[in-house]
Amino acid sequence: MACGHGFSNPGYELTPALDEFLTNRRATMSCRDLPASLPPQDLNATQRLYRYLMVSAALVWKATGVSWPALRVLYAVAYGATLAIAYGIFRLGISRLLSVAATIGIAVSPVHLEHITFLRDYAKAPFLLALVLVMGLMASGTWSKRRALVYSAVFGLVLGVGFGFRNDLLIAILPWLVVVACALPGPLRANLPQKAACVAVSVLTFAVAAWPILTGYAEGSNTGHVAVLGMMTPFNAPLALRSTPSVIAHSESGSWSGYSYVRLRSEEHTSELQSRF
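Parameters at a glance
Residues numbered from 1 in each chain as written. Predicted model: local features only at pLDDT ≥ 70, side-chain atom pairs only at ≥ 80, totals over all residues. Heavy atoms only, no water. 1 Å grid on protein atoms, 1.4 Å probe; cavity = no way out; pocket = protein on both sides within 12 Å on 5 of 7 lines; lining within 4 Å. Points joined across faces, edges and corners; volume = space filled by probe spheres on them. Helix = DSSP H or I, 4+ residues; strand = E, 2+ residues; numbered from the N terminus. Salt bridge = Lys/Arg side-chain N within 4 Å of Asp/Glu carboxyl O. Buried < 20%, exposed > 50% of the residue type's maximum accessible area, 1.4 Å probe, protein only. Contact = heavy atoms within 4.5 Å.

## Topic: the layout of surface pockets
By volume, the second largest pocket is sized at about 210 Å³. Val-77, Ala-78, Pro-126, Phe-127 and Phe-165 are the residues nearest the centre of the second largest pocket, which is lined by 13 residues in total. Where the lining of the second largest pocket is concerned, the elements lending two or more residues are α3 (51-64), α4 (72-91) and α8 (124-139). Considering every element that reaches the lining of the second largest pocket, the biggest residue donor is α4, with 5 residues.

And the structure:
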């Protein structure tokens, strides 16, 4: 996009300059380093699933030129939005002065700051906090049907756009359903048509906003491994758990847990099994 080719897949080694740029051997690249037309090829999984994040980077590069340092703009926007939305969440329950103090605490928190450098992972922060803020606003203040539907639409829109940055945001769906079910006036069974309308509006706006990403998932994804991440061996010690004969082991390839595998820890358990039988 930044060089006028649309949202397409140039591959990794189309030209030496592109290869060097993508492998961090150079910080900048000129559009002149690409051919006038790109060979047609399908989008890869990352491009399909994180499309909105990549489009954001492309829009910055279109204005500044293709350069890794230029992406500091995205870091700054994500950081500023995170703090602004965090302040809004604090204001739901505490005074303006205390909210400012709490926001400053987040702004200088070492735990917060160390994650800013990982744009793909940090980019979800403002979206997730925005969803929390919408849920807080939905559950507080004066209730009206129009107000509830507006917040439902905003929730779906934020979730849909954020879905194109990181799919982690889907964890907000269950809390949202709880808020819709419990925050409206009356007992749990009251206002069922209104509650159903809120859910329907949020689903509709999500589907519209996330449609390019949803169609990308229809072609396959690499997110299935997320279901077993917590059961992998690196979590045994922190959780004070013993290993079993059949374990989901950590991959030899480092952090790519998608390549995890199941193996039998026969060497560790042979003596124990012999003693039992």
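Text resumes after the structure shown.
## A word on the pattern of salt bridges
Taken as a whole, this structure holds 7 salt bridges when the rule is applied. A salt bridge links Asp-121 to Arg-120; its shortest N-O distance comes to 3.4 Å. Using a relative accessible area of 29% as the deciding quantity, one classes Asp-121 as partly exposed. Accessibility expressed as a relative area gives 40% for Arg-120, which makes it partly exposed.

## Focus: the side chain of Thr-103
Along the chain, Thr-103 turns up in helix α5 (residues 96-107). Judged by its relative accessible area of 11%, Thr-103 is buried. Once you skip the residues sitting within four places of it in the chain, Thr-103 turns out to touch Leu-83, Ala-86, Tyr-87 and Phe-90.

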